[in-house]
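# Overview (structure and organization)
Listed below, chain by chain, are the residues.
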Amino acid sequence: MNDLTLIAASDARLPTDPFIGRHLIDGAWCDSIDGGSFDRHSPSHGILVSRSAQGTKADTDAAIASARAAFDSGVWSRISGKARATALLKVADLIEANVERIAILETLESGKPISQSRAEVSGAADLWRYAASLARTMHGDSHNTLGADILGVVIKEPIGVVSIITPWNFPFWILSQKLPFALAAGCTCVVKPSELTPSTTVMMGELLIEAGLPAGVVNIVLGHGQPVGARMATHDAVDMVTFTGSTAVGKHITAAASDTLKKVALELGGKNPQVIFPDADIDQAADAVTFGVYFNAGECCNSSSRIIVHRDVADALVEKVVALSRKVTFGDPLNPATQVGAIISADHQDKIDTYVKDAVAAGAEVCLGGAELNVPGLEGKFYQPTVVRNVTPDMPIAYEEVFGPVLSVLTFETMDEAIAMANNASYGLSAGVWSQNIDTCLEFSRRVQAGTVWTNTWMDGFPEMTFGGVKQSGQGREIGSYGLDEFLEVKSLVMRIGQTRAPWVRNG
Ligand code: NAD
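Residues numbered from 1 in each chain as written. Predicted model: local features only at pLDDT ≥ 70, side-chain atom pairs only at ≥ 80, totals over all residues. Heavy atoms only, no water.

### A short note on the overall build of the protein
Using the following cut-off: What counts as a helix is a DSSP run of H or I of at least four residues, what counts as a strand is a run of E of at least two, and both are numbered from the N terminus. Here the globule rule reads 2.2 Å times residues to the power 0.38, and the radius of gyration is calculated from C-alpha atoms. Contact between two residues is taken to exist if any of their heavy atoms lie within 4.5 Å; hydrogens are not considered. Just so you know, the count uses Lys and Arg for positive and Asp and Glu for negative, and it drops His and the chain ends. Charge positions are represented by NZ for Lys, CZ for Arg, CG for Asp and CD for Glu.
Assigned secondary structure in the protein consists of 15 helices and 27 strands. Relative to a compact globule of 508 residues, whose C-alpha radius of gyration would be 23 Å, the protein shows 25 Å and is just as compact. On the principal axes, the C-alpha backbone points of the protein span a range of 95 × 60 × 40 Å. Residue pairs at least 24 apart in sequence account for 74% of intrachain contacts in the protein once pairs closer than 6 positions are excluded. Charged side chains in the protein number 40 positive and 57 negative. The centres of these two groups are separated by 7 Å.

Laid out in structure tokens, this is it:
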């Protein structure tokens with residue numbers, strides 16, 4: 001594999017002591033009631049990165065009780081939008097002042113490159129600023145056409161106590177896609193980060209305290225899906241659960257939440273196609289395909305893990321993608337030049353490898369990679385940039401989420417065929433179309449089943465542009481003004497002006 005671009009272990013200084021994470025309950029940092037804790041070792045460097053309190057059902061109940069009391073007291077839910085926005089803007093400033101500290105822990109716990117962690121953390125500040133703008137500008141609706149003596153007003157109210165459950169792949173970013181929007185709406189929250197990446201959520205808690213959020217408005221419980229996440233999905237004092245993670249756990253949460261009929265918002269997996277028509281700018285498309293599959297080592301709900309390319313340009317495109325793949329820098333996540341870091345765990349690495357081996361056994365061909373990558377000086381798990389062609393729609397690698405740096409190549413001849421292949425997955429998160437013909441782009445965008453469609457680009461995102469999936473990629477939307485709406489209830493106020501109401505009971 002000498003023809004790949006490898007970055008060996010750098011001499012970056014590693015922390016000597018683990019980060020100690022505690023629960024944040026009712027404004028105070030606390031250990032678990034039973035004293036339990038769990039450790040996280042870096043998937044790239046092997047060192048002990050963090051030791052976190054291991055939440056129990058009782059810890060979770062205490063956090064929920066605090067969020068409930070804070071909501072009902074009105075200390076956050078009934079203050080002005082201006083006051084909420086001021087606090088959110090302060091948090092944004094504090095995030096920017098702490099980028100480096102947060103980014104290093106994010107990289108060590110997740111294995112992602114430090115340059116990417118820095119960009120995610122500083123980018124998260126913008127999500128807080130955008131949410132602050134919504135806190136001040138959200139409004140309801142009025143009906144002045146119901147008759148001379150009637151005025152109808154539709155107001156928006158915070159939904160209440162929200163459970164926020166997040167995954168390991170973008171811990172700080174995904175938290176920032178949810179929390180500031182819930183807070184802008186006036187909700188109070190209980191947050192549970194993934195057990196694999198708990199620490200930057202704790203750091204967020206520190207910033208929230210520094211920004212002056214009242215006690216109980218945001219509570220954090222560290223620990224595992226069982227019992228912490230499960231309790232957050234079932235407790236009758238919780239009004240809504242917003243979850244990002246796997247489709248399998250999303251289904252559990254929906255079932256668990258159904259007993260109390262709480263609202264559930266889900267951001268789940270994806271099997272996102274980029275479809276390349278023969279008139280596309282092949283150089284641009286090849287670069288975007290390379291970015292789409294290796295970004296975050298493919299451990300990304302938006303990974304473009306499959307391309308559907310027109311037969312006439314398939315050879316040229318694959319050749320370019322393979323050449324570009326060799327130039328992508330894989331290796332030590334602490335080196336600022338690294339573009340792709342470690343795989344989250346050894347088990348996950350095995351799962352990725354099994355998809356590739358099974359596809360080969362079913363007749364697919366590996367053009368590049370297809371095996372573990374040894375990074376000199378690091379004991380973590382890395383996977384080679386991998387391109388698999390001759391993939392057919394019936395192979396699991398074509399329609400299941402691999403969540404690794406593995407690209408599947410399928411080919412098509414007609415628009416109908418391209419649409420059928422793109423829609424041939426239980427997922428519907430995002431899709432891309434490459435063509436210089438606007439009619440082709442628009443027809444594809446309107447017929448593909450996806451929550452986001454990119455045209456001649458991939459993964460451009462903005463706080464203003466809402467995000468979410470169709471089919472088994474989820475329900476509900478995040479960011480944008482629709483992201484705020486998820487955390488709001490609407491209430492109709494029907495008001496009579498003057499004594500004009502005709503009596504229902506007849507007199508005499
Ligand atoms: P996961 O489903 O294993 O875990 C996500 C979170 O749920 C963790 O905090 C975990 O502790 C918790 N959890 C586990 N079991 C639970 C239960 N029974 N009840 C309540 N909570 C429980 O997902 P993951 O492995 O951390 O993340 C990878 C998945 O996330 C991928 O499928 C990816 O596509 C998806 N994802 C989706 C988006 C999106 O926006 N659509 C973004 C990022 C990741």
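Resuming the write-up.
### Topic: the packing of helix H2 (residues 81-97) against helix H6 (residues 199-210)
Which entries qualify depends on this criterion: Lines fitted to C-alpha atoms define the axes, with helix axes restricted to the stretch in contact, and inter-axis angles between N-to-C directions lie between 0 and 180 degrees. Oblique is the label for any angle not covered by the other classes, which are roughly parallel (under 35 degrees), roughly antiparallel (over 145) and roughly perpendicular (65 to 115). By convention the crossing between two helices is left-handed if the near helix lies anticlockwise of the far one by an angle smaller than a right angle, and right-handed if it lies clockwise. Side-chain classes follow a simple rule in which Ala, Val, Leu, Ile, Met, Phe, Trp, Tyr, Cys and Pro form the nonpolar group, Asp, Glu, Lys and Arg form the charged group, and the remainder, Gly included, forms the polar group.
Look at H2 against H6: their axes get within 9 Å of each other, and the N-to-C directions meet at 130°. Looking at the two axes, H2 sits oblique to H6. For the pair H2 and H6, the crossing hand works out as right-handed. In this structure, H2 uses Val91, Leu94 and Ile95 to contact H6, whose residues at the interface are Met204, Leu207, Leu208 and Glu210. Of the residues belonging to the contact of H2 with H6, the class tally is six nonpolar, no polar and one charged.

### A look at helix H7 (residues 225-234)
Every α-helix carries 3.6 residues per turn, so stepping three or four residues along brings you back to the same face. Convention followed: With a 1.4 Å probe rolled over the protein chains alone, any residue whose accessible area is under 20% of its type maximum counts as buried; one over 50% counts as exposed, and the rest are partly exposed. The arc in question is formed by the directions pointing from the helix axis toward the C-beta atoms.
Where H7 is concerned, the buried positions are Val228, Gly229, Met232 and Ala233. Relative to the axis of H7, the buried residues are bounded by an arc of 125° and lie together on one face. Tucked inside the fold, the buried residues of H7 contact helix H1 (57-73), strand E9 (161-165), strand E10 (188-192), strand E12 (240-244) and helix H8 (247-257).

### Some points on the nonpolar core
The condition that has to hold: Take the buried residues of types Ala, Val, Leu, Ile, Met, Phe, Trp, Tyr and Cys, join any two whose side-chain atoms come within 4.5 Å, and each joined set is a nonpolar core.
Formed by 68 residues in total, the largest nonpolar core has its most connected members in Ile276, Leu317, Val387, Ile397 and Phe444. Per-element accounting of this core gives the leading share, seven residues, to helix H9 (residues 282-294). Excluding anything up to four places from it in sequence, Leu317 contacts Ile276, Ile282, Ala285, Ala286, Ile307 and Val309. By size, the runner-up hydrophobic cluster in this structure holds 61 residues, among which are Ile95, Ala131, Leu175 and Leu334.

### Observations regarding unusual backbone geometry
For the bond running from Gln226 to Pro227, omega is 5°, close enough to zero to count as cis. Tracing the sequence through the fold places Pro227 in helix H7. The phi dihedral of Phe403 is positive, around 60°, even though this residue is not glycine. Checked against the element boundaries, Phe403 lands in the loop between helix H12 (396-399) and strand E21 (406-412). The residue Met459 is not glycine, and still its phi comes out positive at about 65°. Assignment of secondary structure puts Met459 in the loop between strand E24 (452-455) and strand E25 (470-471).

### Considering the sheet that holds strand E2 (residues 19-21)
Stated formally: Pairing between two strands requires that DSSP report at least two bridges joining them.
Ordered by their spatial adjacency, three strands build an open sheet running E2-E6-E5, and the pairing between neighbours is mixed. Two strands lie at the open edges of the sheet, namely E2 and strand E5 (37-41), each paired on one side alone. When the angles between neighbouring strand axes are averaged without regard to direction, this sheet yields 20°. The sheet contact formed by E5 and strand E6 (residues 48-53) spans five bridges and is antiparallel. Note on E6: the bridge partner recorded for Asp39 is Arg51. Sitting on the sheet, H6 is in contact with E2 and E6, with an inclination near 70° to E2.

### A look at the environment of Gly81
Assignment of secondary structure puts Gly81 in helix H2. With 104 residues separating them in the primary sequence, Gly81 and Ala185 have C-alpha atoms 8.5 Å apart. For Gly81, the contacting residues outside a window of four places in its chain are Ala135 and Arg136.

### Considerations on the site of the ligand
Heads up, the condition is: Here a residue is considered near a molecule or strand provided that any single heavy atom belonging to it is located within 4 Å of it. In the analysis that follows, any N or O atom pair within 3.5 Å is treated as a polar contact, provided that within protein one partner can donate a hydrogen and the other can accept it, and provided that, for residues neighboring in sequence, both atoms belong to side chains. All accessible areas in this document rest on Shrake-Rupley with a 1.4 Å probe, and a residue is counted as covered only by the protein chains that are shown.
Around the ligand there are 27 residues in total, and Thr166, Glu195, Ser246, Leu268 and Glu401 lie nearest to it. The side chain of Glu195 places a nitrogen or oxygen atom 2.7 Å from an oxygen atom of the ligand. The contact in question runs from an oxygen atom of the ligand to an N or O atom on the side chain of Glu401, over 2.5 Å. When the free accessible area of the ligand is taken as 860 Å², the share hidden by the protein chains comes to 88%.

### Notes on the pairing of E21
Among the seven residues that make up E21, six are buried, leaving the element largely enclosed by the rest of the structure. Two strands pair when backbone bridges link them, and strand E20 (residues 386-389) and E21 are joined in this way by three bridges, in the parallel orientation. The residue of E21 that forms the bridge with Thr386 is Val406.

### Side note on the environment of Ala58
For Ala58, the location among the structural elements is in helix H1. Sequence-wise, Ala58 and Ser32 are 26 residues apart; in three dimensions their C-alpha atoms are separated by 8.7 Å.

### Comments concerning the packing of helix H4 (residues 114-137) against helix H5 (residues 171-185)
Look at H4 against H5: their axes get within 9 Å of each other, and the N-to-C directions meet at 15°. By the angle between their axes, H4 is roughly parallel relative to H5. Between H4 and H5 lies a crossing whose hand is right-handed. Contact residues: H4 offers Glu120, Val121, Gly123, Ala124, Leu127, Trp128, Tyr130, Ala131, Leu134 and Ala135, while H5 offers Phe172, Trp173, Ser176, Gln177, Leu179, Pro180, Phe181, Leu183 and Ala184. For the contact of H4 with H5, a count of residues per class yields 15 nonpolar, three polar and one charged.

### A word on the side chain of Ser42
Structurally, Ser42 is set in the loop between E5 and E6. By relative accessible area, Ser42 is classed as buried at 5%. Only 3.0 Å separates the side chain of Ser42 from the side chain of Ser44, close enough to count as a polar contact. Residues in contact with Ser42, not counting those within four places in the same chain, are Ile47, Val49 and Leu108.

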